[in-house]
Each structure stands twice: as structure tokens, then as C-alpha cells.
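The residues making up each chain are set out below.
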Amino acid sequence: MTLRPALLATAVLLALPLAACVHAPAATPAAKPLTTQEVLDASKPEDWRPLDPENTLYVQLESGMVVIELAPQFAPEHVANIRTLARGHYYDGLSINRSQDNFVVQWGDPAGDELALRRPLGEAKQALPAEFSRAAEGLAFTALPDVDGWAPQVGFVDGFPAARDPKAGRAWLAHCYGVVGAGRAMAPDSSNGTELYVVTGQSPRQLDLNITTVGRVIVGMERLSVLPRGSGPLGFYTEPAQRAPILAARLASDVAPEARANIEVLRTDTATWQALVESRRNRRDEWYVHPAGHVDVCNLTVPVRAVERKPAAP
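Everything numeric here is computed off the predicted structure, so don't read it as measured data.

So, how was this worked out
- Each chain carries its own residue numbering, running from 1 in the written order of its sequence.
- For a predicted model such as this one, the threshold for reporting local features is a pLDDT of at least 70, and the threshold for listing and counting side-chain atom pairs is 80 or more; totals across whole chains, interfaces and linings nevertheless cover every residue.
- Side-chain measures were taken over the full set of non-hydrogen atoms in the model, leaving aside hydrogen atoms and water.
- Working definition: helices are DSSP H or I runs of at least four residues, strands are E runs of at least two. Numbering for both runs from the N terminus.
- In what follows, a contact means two residues having at least one pair of non-hydrogen atoms within 4.5 Å.
- In this description, accessible areas are obtained by the Shrake-Rupley approach with a 1.4 Å probe, and a residue is regarded as covered only by the protein chains that are shown.
- In what follows, a disulfide is any cysteine sulfur pair within 2.5 Å.
- A 1.4 Å probe rolled over the protein chains alone gives each residue an accessible area, and that area as a share of the maximum for its type sets the label: buried under 20%, exposed over 50%, partly exposed in between.
- Two strands qualify as a pair provided that DSSP identifies no fewer than 2 bridges between them.
- Axis definition: a line fitted to C-alpha atoms, limited for helices to the stretch in contact. Angles are taken between N-to-C directions and run from 0 to 180 degrees.
- The working definition used for a salt bridge is a side-chain nitrogen of Lys or Arg within 4 Å of a carboxyl oxygen of Asp or Glu.
- Working definition of a nonpolar core: buried Ala, Val, Leu, Ile, Met, Phe, Trp, Tyr and Cys residues. They are joined through side-chain atoms within 4.5 Å.
- By the counting scheme adopted, Arg and Lys are positive, Glu and Asp are negative, and His together with the chain ends is not counted.
- Side-chain atoms alone can form a polar contact between residues adjacent in sequence; in general such a contact is a pair of N or O atoms within 3.5 Å, and within protein one must be able to donate a hydrogen while the other accepts it.
- One number per residue, pLDDT, summarises how confident the predictor is, and it ranges from 0 to 100.
- Pairing of aromatic side chains here covers Phe, Tyr and the six-membered ring of Trp, requires ring centres within 6.5 Å, and sorts the geometry by plane angle: under 30 degrees stacked, over 60 edge-to-face, intermediate tilted.

**Overview of the overall build of the protein**
Turning to step 1, where the next piece is worked out: Looking only at helices and strands, the protein has five helices and 16 strands in total.
Turning to step 2, where the next piece is worked out: In the protein, once contacts between residues fewer than 6 apart in sequence are set aside, the share between residues at least 24 apart is 71%.
Turning to step 3, where the next piece is worked out: Element-wise, carbon and sulfur atoms account for 57% of the exposed surface of the protein, whose accessible area totals about 17,200 Å².

Now the structure itself:
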């Protein structure tokens, strides 16, 4: 017997599972992941924080100003000494004495080891304890989800790249690009903040837990990273004329409020920061073909922005 077309269609429908006969709702297109710039564009005022003037150091070079945010939560005695040195105008007239390719730029007294020629410290302390790490307890540590080769955990504390060992209960600043440390001699406790350096090359994480880190450059890295490389051992300049002079170094708290750099830093303890981290872990900008699914603590730059100063009330 030959089925008529109408009966054939009915038979086919009866043979199909019920689910196949029901129209499934159209799938909702997945939201396109935000790029880093889109995350920042969507940020709220409370996602940003102002700099603490007491922990902000302005270093004036001939090429312009470098702004350093100090980290007393990691190196309280060194930061206190740096404040005293700045208030005593210790750094004024000193110079950048070293620029080692893919490593650091260092500044301080050009007299170096010639102690008799070195500038007196005024009210600052000559000797300080080594502050290579601190207790992890009490730190608002925002951990990254990815493994690190140098520490059990890495993340950020108040915008500073940091590492943590939960078993040992210790935390420290990571030697990332822009991090500022206090140069020392052979003895671990031989630094006092008179010789400072900033990382300008591939993150030398082998220095972690071996030297005191005191802060990070947040504005003006380009004024330091482009300095000519020194031709002497370790990148020290061999001729005085090669040294870039430090015209002045002042704490922002010692500068009139209207003359301060009006800067805000993205907080690293918010949902906005987590979204920014994900935008860097998995780059989905149109140019990228393969999202990495990983980010290194030193590959995350904490955004900084200039803020328009509000006019004074009449």
C-alpha cells in the first residue's frame, strides 16, 4: 500500500522524538568579553583611589618629574628614612649614576664608596634593619589565579605587585618593572634609602627576598628607561657628564595642594580589577587569535589617571 503525502508526513512526525517537534528558543548570543579599555571605560569613581601625599615622592629631573608611590606597609623603616632624607633635601643635587641594560637605573651620591666625600645624612638614620619581607597577616592581598615560578602565590596589595607564602606567613613586593628598591652592600642590613634603584628591564625576580623594596614609579618611567646605558661595570657611568642630575626630591605632602600632581590609581581589591585581570589573562581583542589563559604578576600594569582639579569654592 502506498501512503498518500499527507499520511506520510504524519507518520514521520509520529516517529520523531517529542523534543524534535518543539521549536527550541533561539540561543542568547554570549556577551562579548570586555577589552581592558572597555573595563576602564566602565569603571566607577569608587574603583579609583587618590595618592597619599605622605607616601608620594616627586623626583624632579631635567627631563621632567618622576612620581614614586612609597610602600610603608612593606618597608616602614626605609620609607620613614626616605621621608626624612627628602625633607632634609638630601637628594637635591645628587644624580643618576647607573643605567644597566635590561636591569635597573640607580641614583644617589656619586661619591659611591668614598665615605669621606659622601653627603651627610642630616637627621636620617645611617643604619636600618633589612626589610625583605613582612608578616602576611593584615595585608589586603588580592591573589591572581595563575601559578608563579618564584612564590606560592602572587597578586596585588594596594596596587603593588606582591608575593606571598601562606605556609611561612610572609609577604613581599615582587621585583617587577617600575618597582623601586634600596641598594645595599654585601650585608643584608646595609641599605638606608640613600641609594635607590628602579627596575627597567625584564623582571629580576631573583632579587625578591634579597633586598628591601620601598615603592614603585607610577608616573615618569619613560624618563628613566630611556637613559643612556652606562659603559662601566654594572652599567655605572664612567664620566660625570653622563650622569643625569636630580634637581629636587620632595614629598607631595610638603608641596602646596594646588601644585601637586592630581593622580588616581585603580584599586586592586574590586570587581573592576578582577575584570581587568581577566581581560589581560585572555586577550580577546580582535587582533588576538589565541587567548593565553595566564598572566604574570609583572605583566599587569595598574592603571593611573590624571584627574581634573576641582575649582576652589568661592
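On we go.
**Topic: the state of the cysteines**
Turning to step 1, where the next piece is worked out: Inspection of every chain in the model, using the stated rule, returns one disulfide.
Turning to step 2, where the next piece is worked out: Between Cys176 and Cys298 runs a disulfide, and the two sulfur atoms are separated by 2.0 Å. Sign of the S-S torsion, about -75° for the bond between Cys176 and Cys298, identifies this disulfide as left-handed. Of the two residues, Cys176 sits in the loop between β10 (170–173) and β11 (179–182) while Cys298 sits in the loop between α5 (271–281) and β16 (304–306), which places them 122 residues apart along the sequence. We note that Cys176, like Cys298, is buried.

**Focus: the sheet that holds strand β15 (residues 263–266)**
Turning to step 1, where the next piece is worked out: The strand order across the open sheet built from three strands is β1-β15-β16, with neighbouring strands paired in antiparallel fashion. Sheet topology places β1 (48–50) and β16 at the edges, where each strand pairs with a single neighbour. Sheet twist, expressed as the average angle between the axes of neighbouring strands with direction ignored, equals 35°.
Turning to step 2, where the next piece is worked out: Here β1 pairs with β15 via three bridges, running antiparallel. What sits directly across from Arg49, in β15, is Val265.

**Digging into the pattern of salt bridges**
Turning to step 1, where the next piece is worked out: For the coordinates displayed, the defined rule picks out 16 salt bridges.
Turning to step 2, where the next piece is worked out: Three or more residues joined by partner-sharing salt bridges are found here, namely Glu54, Arg83, Arg87 and Asp254.

**Here we look at the nonpolar core**
Soluble globular proteins tend to bury their nonpolar side chains together.
Turning to step 1, where the next piece is worked out: Residues Ile68, Ile96 and Leu224 are the most contacted members of the largest nonpolar core, which totals 33 residues.
Turning to step 2, where the next piece is worked out: Setting aside residues no more than four positions away along its own chain, Ile68 makes contact with Asn55, Thr56, Leu57, Val59, Trp107, Val180, Arg216 and Val217.
Turning to step 3, where the next piece is worked out: Trp48, Val154, Ala252 and Leu266 belong to the second largest nonpolar core, which has 29 residues in total.

**Describing the side chain of Asp47**
Turning to step 1, where the next piece is worked out: Considering the arrangement of structural elements, one finds Asp47 in the loop between α2 (36–41) and β1.
Turning to step 2, where the next piece is worked out: For the buried Asp47, no salt bridge is present, and the opposite-charge side chain at shortest range is Arg267, 5.8 Å distant.
Turning to step 3, where the next piece is worked out: Polar side-chain contacts of Asp47 include one of 2.7 Å to the side chain of Thr272.
Turning to step 4, where the next piece is worked out: Aside from chain neighbours lying at most four places away, what touches Asp47 is Val265, Leu266, Arg267, Thr270 and Thr272.

**Things to note about the confidence of the model for the protein**
Turning to step 1, where the next piece is worked out: For the protein, the average pLDDT comes to 91, and 89% of its residues sit at 70 or higher.
Turning to step 2, where the next piece is worked out: Low confidence marks residues 1–22, where pLDDT is under 50. Its contacts with residues over four positions away, or in another chain, come to three contacts.

**A look at the environment of Gly181**
Turning to step 1, where the next piece is worked out: Within the element layout of this structure, Gly181 appears in strand β11.
Turning to step 2, where the next piece is worked out: By relative accessible area, which is 0% here, Gly181 ends up buried.
Turning to step 3, where the next piece is worked out: In this structure the C-alpha to C-alpha distance between Gly181 and Leu207, which are 26 residues apart in sequence, comes to 9.9 Å.

**Some remarks on the packing of aromatic side chains**
Each aromatic ring pair is specified by the distance between its two centres and by the angle formed by the two planes.
Turning to step 1, where the next piece is worked out: The tally for this structure, following the rule as stated, stands at three aromatic pairs.
Turning to step 2, where the next piece is worked out: Centroid distance Phe156 to Trp273: 5.0 Å. Interplanar angle 70°. Geometry classified as edge-to-face. Taken together, the residues span a long stretch of sequence, with Phe156 in strand β8 (residues 153–157) and Trp273 in helix α5 at a distance of 117 residues.
Turning to step 3, where the next piece is worked out: For Phe156, a relative accessible area of 1% translates into the label buried.

**Section: the side chain of Glu69**
Turning to step 1, where the next piece is worked out: By secondary structure assignment, the location of Glu69 is in strand β3 (residues 64–70).
Turning to step 2, where the next piece is worked out: Among the polar contacts made by the side chain of Glu69, one reaches the side chain of Arg49 at a distance of 2.9 Å.
Turning to step 3, where the next piece is worked out: If we skip the residues at most four places from it in the chain, Glu69 touches Arg49, Leu51, Asn55, Phe160, Val214, Gly215, Arg216 and Ile218.

**Description of unusual backbone geometry**
Turning to step 1, where the next piece is worked out: Although it is not a glycine, Asp158 adopts a positive phi angle of roughly 55°.
Turning to step 2, where the next piece is worked out: Counting through the fold element by element, Asp158 comes out in the loop between β8 and β9 (160–165).
Turning to step 3, where the next piece is worked out: By relative accessible area, which is 39% here, Asp158 ends up partly exposed.
Turning to step 4, where the next piece is worked out: Positive phi outside glycine occurs at Leu234, with the angle close to 60°.
Turning to step 5, where the next piece is worked out: Tracing the chain through its elements places Leu234 in the loop between α4 (221–225) and β14 (244–251).
Turning to step 6, where the next piece is worked out: A relative accessible area of 51% places Leu234 in the exposed class.

**Some words on the sheet that holds β9**
Turning to step 1, where the next piece is worked out: With antiparallel pairing, the five strands of this open sheet are ordered in space as β6-β10-β9-β8-β7. Pairing within the sheet leaves two strands with one partner each, and these edge strands are β6 (134–135) and β7 (141–143).
Turning to step 2, where the next piece is worked out: Sheet topology note: the β9/β10 ladder contains four bridges and is antiparallel. When the sheet's bridge partners are listed, Ala163 is paired in β10 with Trp172.

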